[in-house]
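Tertiary structure, described
Listed here are the chains, written in short residue letters.
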Amino acid sequence: MTNSDNKLPNTFENIYAVVDSIPFGLVMTYSQVALYSGVTNPRVVGYALSRLNTNDRNTPWQRVVNSRGKISDRSQEQMKSQRDLLESEGVCFGRNGRIDLNVYGV
DNA sequence: AATGTGACCGCGA
DNA sequence: TTCGCGGCCACAT
């Protein structure tokens, strides 16, 4: 066991681990994921998730939304699939496409 | 080593 | 209430 083996796992691994822990049917904001994974800036979480597209994992990326309870801007295609996936988990979207974080938040 | 970039967030208008 | 702008930090090049 060398000293270099003591270093913490890289940021992405931490982020993915937290996202993996989000329960079925619930959502977390980027800020929350950042907080729980030890990252200071929530933007990094979005960055990590965007890189997830290329790595196939069973990570429930759809359960991460922004602080307003809305799906973050991206291609229409991706946004629609995220919404579909969440609705299939029983998450209800309000009138302006918002999720009530007091109900579905962790 | 330096610069660019982003699935964010909070605040002021 | 919605919209625009700046600040933030870690990954990519």
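A few points about the confidence of the model for chain A
Averaged over chain A, the pLDDT score is 89; the fraction of residues at 70 or greater is 89%. pLDDT under 50 marks residues 1–8. Its contacts with residues more than four places away, or in other chains, come to 0 contacts.

Things to note about the pattern of salt bridges
Tallied over the entire structure, the rule returns 3 salt bridges. With a closest N to O distance of 3.0 Å, Glu89 and Arg63 form a salt bridge. Of this pair, Glu89 sits in the loop between α4 (76–88) and α5 (101–104) while Arg63 sits in the loop between α3 (42–52) and β2 (64–65), and the two are 26 residues apart along the sequence. Across the pair, exposure class does not vary: Glu89 and Arg63 are buried alike. Across the pair Lys80 and Asp84 runs a salt bridge, and its minimum N-O distance is 2.8 Å.

Calculation notes
Residues numbered from 1 in each chain as written. Chains lettered and ligands numbered in written order. Predicted model: local features only at pLDDT ≥ 70, side-chain atom pairs only at ≥ 80, totals over all residues. Heavy atoms only, no water. pLDDT = per-residue confidence, 0-100. Contact = heavy atoms within 4.5 Å. Salt bridge = Lys/Arg side-chain N within 4 Å of Asp/Glu carboxyl O. Helix = DSSP H or I, 4+ residues; strand = E, 2+ residues; numbered from the N terminus. Buried < 20%, exposed > 50% of the residue type's maximum accessible area, 1.4 Å probe, protein only.

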